[in-house]
Amino acid sequence: MAPWHDRAGLGRTGLGRTRLGRTRLGRALVRVSHAFSILIAATAFVLPGTATAGDVPTFAVDASWPKQLPNNWILGQVGGITVDWQGHIWVIHRPRSLTDDEKGASLSPPRSKCCVSAPPVLEFDSDGNLLRSWGGPGEGYEWVGREHGIEVDERGFVWVGGNADNDNAILKFTLDGKFVAQIGKIAPSLGSNDITQLGKPAETAIDKEANEIYVADGYGNRRVIVFDATTLAYKRHWGAYGNKPDDNKQAAYDPKAPVSQQFGNPVHCVKLANDGLVYVCDRINNRIQVFRKDGTFAKEFFFEKNTLGNGAVWDVAIWPDPKQTYLLSADGENNEIRVIKRDDGSVVGSFGHNGRNAGQFHWVHAMAVDAKGNVYTAEVDTGKRIQKFRLTSDALK
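Here goes a summary of the coordinates provided.

Quick notes on the rules
Residues numbered from 1 in each chain as written. Predicted model: local features only at pLDDT ≥ 70, side-chain atom pairs only at ≥ 80, totals over all residues. Heavy atoms only, no water. Disulfide = S-S within 2.5 Å. Helix = DSSP H or I, 4+ residues; strand = E, 2+ residues; numbered from the N terminus. Buried < 20%, exposed > 50% of the residue type's maximum accessible area, 1.4 Å probe, protein only. Phe/Tyr/Trp six-rings, centres within 6.5 Å; stacked < 30°, edge-to-face > 60°. Lys NZ or Arg CZ within 6 Å of the ring centre and 35° of its normal. Contact = heavy atoms within 4.5 Å. Polar contact = N/O pair within 3.5 Å; in protein donor to acceptor, adjacent residues only side chain to side chain. Core = buried A, V, L, I, M, F, W, Y, C linked by side-chain atoms within 4.5 Å. Pairing = 2+ DSSP bridges.

## Let's talk about the state of the cysteines
Here comes step 1: Taken as a whole and assessed by the stated rule, the structure comprises 2 disulfides.
Here comes step 2: Across the disulfide from Cys 269 sits Cys 281; the S-S distance is 2.0 Å. Taking the sign of the S-S torsion, 70° for the link of Cys 269 and Cys 281, the bridge is right-handed. Of this pair, Cys 269 sits in strand β16 (residues 267-272) while Cys 281 sits in strand β17 (residues 277-282), placing them 12 residues apart in sequence. In this pair, the class of Cys 269 matches that of Cys 281, namely buried.
Here comes step 3: In the protein, numbering the disulfide-bonded cysteines from first to last in sequence yields the connectivity 1-2, 3-4.

Structure (structure tokens):
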């Protein structure tokens, strides 16, 4: 009987078998390599916009920011934070939220060596140095009862609001704290369709080209309302889905129920993108609604729909690359910040965790991002601090 390799047609020697095996193996590898090249090319063709890991913003906390405040000062709950055109960080905090042990040095007699409340409005540079501070009651205006929201425009004006019971106004100041004008009054609200009075506004945004101010209005009302930023004349307002807002009592949020056709309270943020889209935080309903500047509804994104309590969408910041590719969204109930693709609302990353350590959060309430991609956060309740997160990826290149 012939050897098995003879019957298989593989030759009579081990050397012949080895050479033939190598030839076949080489041909197989060529075929695999060719197929793999085709697969790579096809993938690149089908998914031209797929982000690589370096394209997605990632961050590391800067535990040394900000530097210690002067004058034995301390911060209370931080109701708002923003970055101006110079890259300076502006903060508004709540001196009346400090407990006696936190403000012990200001008591009579002093309870302890530390501390004294800082003024409500503070300006920092990106290194954490305090540049100026001001705020509180003054001549010609009534200060808010509970500080909430701050915006600084390129014309050199600072806009602040509040969310106490009668804080139904936005106050306008110079950079040095000189009172200029106000929208609304520190007086009872007149409802979501009144055009003279606000309803505990949460946040503002400036449209520089149109010279308009958008107000997320708010803890009392259920709308976005727009005014001329110079004359303060009323322009327009709208509710959820671009409809007329309704102040009727709403049922408690239920993730199993049909989505609400009205904003919940609070309407907590408003942000403007360069392409004319307006992003609104409907905090309790766990969604971002997107509009055109005339109030026409465009789309909406839901996040962590099972979140109860204070909701999952507290603030939004727009990523500073030329295309404004991403949104960053602060979630004060789950205490994280999500990185979201702006075009479709998909979540591509997150950072933060509930806790007291640097880089963790307790009620992360507001946020801002500078032109270098550094993120600044503000915490309320017992958090009472601001933090800086440095960009660690190539998301701006």
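## What about the packing of aromatic side chains?
Here comes step 1: Enumeration over the complete set of coordinates arrives at 19 aromatic pairs.
Here comes step 2: Considering the side-chain rings of Trp 65 and Phe 124, the 5.9 Å spacing of their centres and the 55° angle between planes classify their relative orientation as tilted. Here Phe 124 lies in strand β6 (residues 121-124) and Trp 65 lies in the loop between β1 (59-61) and β2 (73-74), a separation of 59 residues in the sequence. You'll find Trp 65 and Phe 124 in the same group, each marked buried.
Here comes step 3: For Lys 172, the ring lying beneath its charged end belongs to Phe 157, and the centroid distance is 4.3 Å.

## Topic: the side chain of Glu 151
Here comes step 1: The topology assignment puts Glu 151 in strand β8 (residues 147-152).
Here comes step 2: The residues touching Glu 151, leaving out its near neighbours within four places in the chain, are Thr 82, Phe 157, Val 158, Trp 159, Thr 204, Ala 205 and Ile 206.

## Quick word on the side chain of Gln 324
Here comes step 1: Note that Gln 324 resides in the loop between β20 (315-318) and β21 (326-331).
Here comes step 2: A polar contact is formed between the side chain of Gln 324 and the backbone nitrogen of Asn 274, at a distance of 2.7 Å.
Here comes step 3: When neighbours within four sequence positions are excluded, Gln 324 is seen to be in contact with Ala 273, Asn 274, Ile 318, Trp 319 and Arg 342.

## Some details on the nonpolar core
Here comes step 1: Residues Phe 59, Trp 319, Leu 328, Ile 337, Phe 351, Met 367 and Val 375 are the most contacted members of the largest nonpolar core, which totals 18 residues.
Here comes step 2: Contributions of two or more residues to this core are made by β21, β22 (336-341), β24 (364-369) and β26 (386-391).

## Examining unusual backbone geometry
Here comes step 1: Omega for the peptide link from Trp 65 to Pro 66 comes to -10°, which places this bond in the cis form.
Here comes step 2: Relative to the assigned elements, Pro 66 resides in the loop between β1 and β2.
Here comes step 3: With a phi close to 55°, Asn 211 is a non-glycine residue in the positive phi region.
Here comes step 4: Note on placement: Asn 211 falls in the loop between β12 (203-207) and β13 (212-217).
Here comes step 5: Even without a glycine there, the phi angle at Asp 381 is positive, about 50°.
Here comes step 6: Considering the arrangement of structural elements, one finds Asp 381 in the loop between β25 (375-379) and β26.
Here comes step 7: Looking at Asp 381, the relative accessible area reads 26%, which means it is partly exposed.

## A word on the pairing of β17
Here comes step 1: Among the 6 residues that make up β17, 6 are buried, leaving the element largely enclosed by the rest of the structure.
Here comes step 2: Here 5 bridges tie β16 to β17, and the two strands are oriented antiparallel to one another. Bridging from a neighbouring strand, Cys 269 pairs with Cys 281 of β17.
Here comes step 3: Bridge count between β17 and strand β18 (residues 287-292): 6 bridges; the pairing is antiparallel. Bridge pairing in β18 links Cys 281 to Ile 288.
Here comes step 4: With antiparallel pairing between neighbouring strands as the criterion, β17 and β18 make up a hairpin whose turn holds 4 residues, including Asn 286 at a positive phi of roughly 60°.

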